[in-house]
Amino acid sequence: MNDNLLQDEQALKKAFFAFLMPVMLANVLQSLGQIFAMFLVGKNLGVDALAAISAFFPFFFFLMAFAIGIGSGSSILVGQTYGAKDFDKMKQVVGVTLAFTTVLSIAVAIFGGFFIEHILRFMHTPANIFDMSVSYARILFFTLPIMFWYFVYTTFLRGVGDSKTPFLFLLVSVILNISFIPPLLFGWFGLPAFGLNGAAYASVLSNFITLVLLLAYLHKTNHVLRLDKTVLKHFSLQKDILASLLKLAIPASISMVAISVAEIAVIGFVNVYGSNATAAYGVVNQVASYAQIPAMSIAIATSVFVAQALGANSTEMIKKIRQMGVRINYVLGGIIIALMYIFAEPLLGLFIDEAATLEIAKNYLYISFWSYIVFGHTQTVSATMRATGVVLWPTIFLVITIWVFEVPIAYGLSHFTTLELNGVWWAYPIAFCVNFIMQFAYFHFGWKKKTLKAMLAN
């Protein structure tokens, strides 16, 4: 972290916003790419194809949870070592993380590819979309190592405070994806018409090309995180760094796995109501990605800045960073969510033609979206604690929230009350509020009493 930021609060705010805006724009771009694919699929291949993607998404998120956990842990270690100006140690972190990512992604890809049929049956995937879901899923599973590498490399860059480079290359990826989808979907330019699978092939191809271009750019510009001999020398499962990485990554992965397994359970409750409900669930989740953009982006920025401040032994800045993140969450998050309530019907109508599906989707949005403000506050508090290496209790609280509250409430309200399907939607705001109470209580009565120290400090 620049020494000037440690002394000048205005400079810190400017740096925080300069980092935050590309992160938010990157999340918007990523969502746009996904929504464009959903739009083409829904409008041209029908509700069944849309439902096929929606039915597979929770389990795919389950697998991506491992990459998210590794990325989260490595960005904290990169941030702390970069803040301490220990560049040799930082490159060790990068090498070890890449080695572990390679091994894990191959294992996860093989598992997912071979067992997807059993998993989708367990999730009660409707029969009319089962074969499409299996075919689509296998393409993405067997190419997971590409996606994992691309994801963790962008988290390395953010760890050193560089959010512009990930944004620019995500822009390249989205443009490529949007360009590839129609030809592969419909069979343009003499290509086979892959139908729904074309969307999967487009995603894989765009990620691969972007990863190659990113690594080439980092090498050409002599970036501090370029894939050079020093990084490759540490391409191994080095015990001490791997232990620190896993200390951060495992709880983060457990959190993501808990969320994704809960979504697998929840979509099982939704699937009982038919493919219209499944399609509505998938579309609203895509729209919800926009509602979550402020929360997730602010959490990333908070984590990076807190990690660098801790590495620079400037713990007094951590409080200012957290408070800044909370304030921004309420302003930006409030504006975006208010707009979604106002324009809910035309927004959802971009993807859904059938009146019954649209009504289900509107109910989901109206019932749950206000609680993303609470979710954002919780994310900022949790990101602050995790960036200092305090990961156990935030993870425990999240797991309790999901499996003691969210899933049982979704099941109970949807099966034993007149709310029926709407009972599933009510489980989300209830869970967000419960998690906020627990995280905030521990933050004040537990975390604030700890002595903070960088994890890889010499």
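None of the values given here were measured: they were computed from a predicted structure.

1. Focus: the overall build of the protein chain
Point 1. When helices and strands are tallied, the protein chain shows 18 helices and 0 strands.
Point 2. Its C-alpha radius of gyration of 21 Å places the protein chain within 12% of the 23 Å reference for a compact globule of 458 residues.
Point 3. Considering only C-alpha atoms, the protein chain reaches an extent of 60 × 50 × 35 Å along its principal axes.
Point 4. Burial analysis of the protein chain (458 residues in total) assigns 59% to the buried set.
Point 5. Accessible surface, the protein chain as shown: approximately 18400 Å² in total, 68% of it carbon and sulfur.
Point 6. Taking the average place of the 26 positive charges on the side chains of the protein chain and the average place of its 19 negative ones, the gap between the two points comes to 13 Å.

2. Some remarks on the environment of lysine 220
Point 1. Relative to the elements of secondary structure, lysine 220 occurs in helix α8 (residues 196–220).
Point 2. Here lysine 220 falls in the exposed class, since its relative accessible area comes to 76%.
Point 3. Between the alpha carbons of lysine 220 and arginine 138 there is a distance of 35 Å; along the sequence they are 82 residues apart.

3. Description of the side chain of threonine 401
Point 1. Note that threonine 401 resides in helix α17 (residues 392–416).
Point 2. Not counting residues within four places of it along the chain, the set of residues in contact with threonine 401 comprises Glu406, Ala431, Val434, Asn435 and Met438.

4. A word on the nonpolar core
Point 1. The biggest cluster of nonpolar side chains holds 141 residues, and the ones touching the most others in it are Leu144, Phe369 and Trp425.
Point 2. Each residue touching leucine 144, except ones within four places of it in the same chain, is listed here: Phe60, Leu63, Met64, Ser105, Val108 and Ala109.

5. A word on the packing of helix α10 (residues 239–271) against helix α11 (residues 275–291)
Point 1. Across the interface, α10 lies against α11 with an axial gap of 8 Å and an inter-helix angle of 140°. With respect to α11, the axis of α10 lies oblique. For the element pair α10 and α11, the recorded crossing hand is right-handed. Here Glu263, Val266, Ile267, Val270 and Asn271 of α10 come into contact with α11, specifically with Ala277, Thr278, Tyr281 and Asn285.

6. A closer look at the packing of aromatic side chains
Point 1. For the structure on display, the rule yields 23 aromatic pairs.
Point 2. When the ring of tryptophan 393 is compared with that of phenylalanine 397, the centres are 5.6 Å apart and the planes differ by 35°; the resulting orientation is tilted. Note that tryptophan 393 and phenylalanine 397 are positioned in helix α17 at a spacing of 4 residues, about one turn of the helix.
Point 3. Note on phenylalanine 436 and phenylalanine 440: the rings are 5.4 Å apart at their centroids and 20° apart in plane angle, and the pair reads as stacked. Residue phenylalanine 436 and its partner phenylalanine 440 are both found in helix α18 (residues 421–445); the two are separated by 4 residues, about one turn of the helix.
Point 4. Classification of phenylalanine 436 as partly exposed rests on a relative accessible area of 22%.
Point 5. Overall, phenylalanine 440 belongs to the partly exposed group, its relative accessible area being 27%.
Point 6. An aromatic cluster is present here, built from Tyr281, Tyr364, Trp425 and Tyr428 joined pairwise through their rings.

7. Description of the packing of α10 against α18
Point 1. Direction vectors running N to C along α10 and α18 enclose 155°, while the axes themselves pass 9 Å from each other. In terms of their interaxial angle, α10 and α18 are classed as roughly antiparallel. Residue-level inspection shows Glu263, Val266, Phe269 and Val270 of α10 in contact with α18, the latter providing Leu421, Val424, Trp425 and Tyr428.
Point 2. Looking at the contact of α10 with α18 residue by residue, the class counts come to 7 nonpolar, no polar and 1 charged.

8. Looking at unusual backbone geometry
Point 1. Unusually for a residue other than glycine, lysine 85 sits at a positive phi of about 60°.
Point 2. Residue placement: lysine 85 occurs in the loop between α3 (47–83) and α4 (87–122).
Point 3. You can call lysine 85 partly exposed: its relative accessible area is 49%.
Point 4. Although it is not a glycine, glutamate 420 adopts a positive phi angle of roughly 50°.
Point 5. For glutamate 420, the location among the structural elements is in the loop between α17 and α18.
Point 6. Residue classification places glutamate 420 among the partly exposed positions, given a relative accessible area of 46%.

The rules behind each value
Residues numbered from 1 in each chain as written. Predicted model: local features only at pLDDT ≥ 70, side-chain atom pairs only at ≥ 80, totals over all residues. Heavy atoms only, no water. Helix = DSSP H or I, 4+ residues; strand = E, 2+ residues; numbered from the N terminus. Rg over C-alpha atoms; globule rule 2.2 N^0.38 Å. Buried < 20%, exposed > 50% of the residue type's maximum accessible area, 1.4 Å probe, protein only. Areas by Shrake-Rupley, 256 points an atom, 1.4 Å probe, with all protein chains shown as cover. Lys, Arg positive; Asp, Glu negative; His and termini not counted. Charge placed at Lys NZ, Arg CZ, Asp CG, Glu CD. Contact = heavy atoms within 4.5 Å. Core = buried A, V, L, I, M, F, W, Y, C linked by side-chain atoms within 4.5 Å. Axes fitted to C-alpha atoms, helices over the stretch in contact; angles between N-to-C directions. Parallel < 35°, antiparallel > 145°, perpendicular 65-115°, else oblique. Left-handed = near helix turned anticlockwise from the far one by under 90°. Phe/Tyr/Trp six-rings, centres within 6.5 Å; stacked < 30°, edge-to-face > 60°. Nonpolar A, V, L, I, M, F, W, Y, C, P; charged D, E, K, R; others polar.

By themselves, these are just geometric observations and shouldn't be taken as functional.
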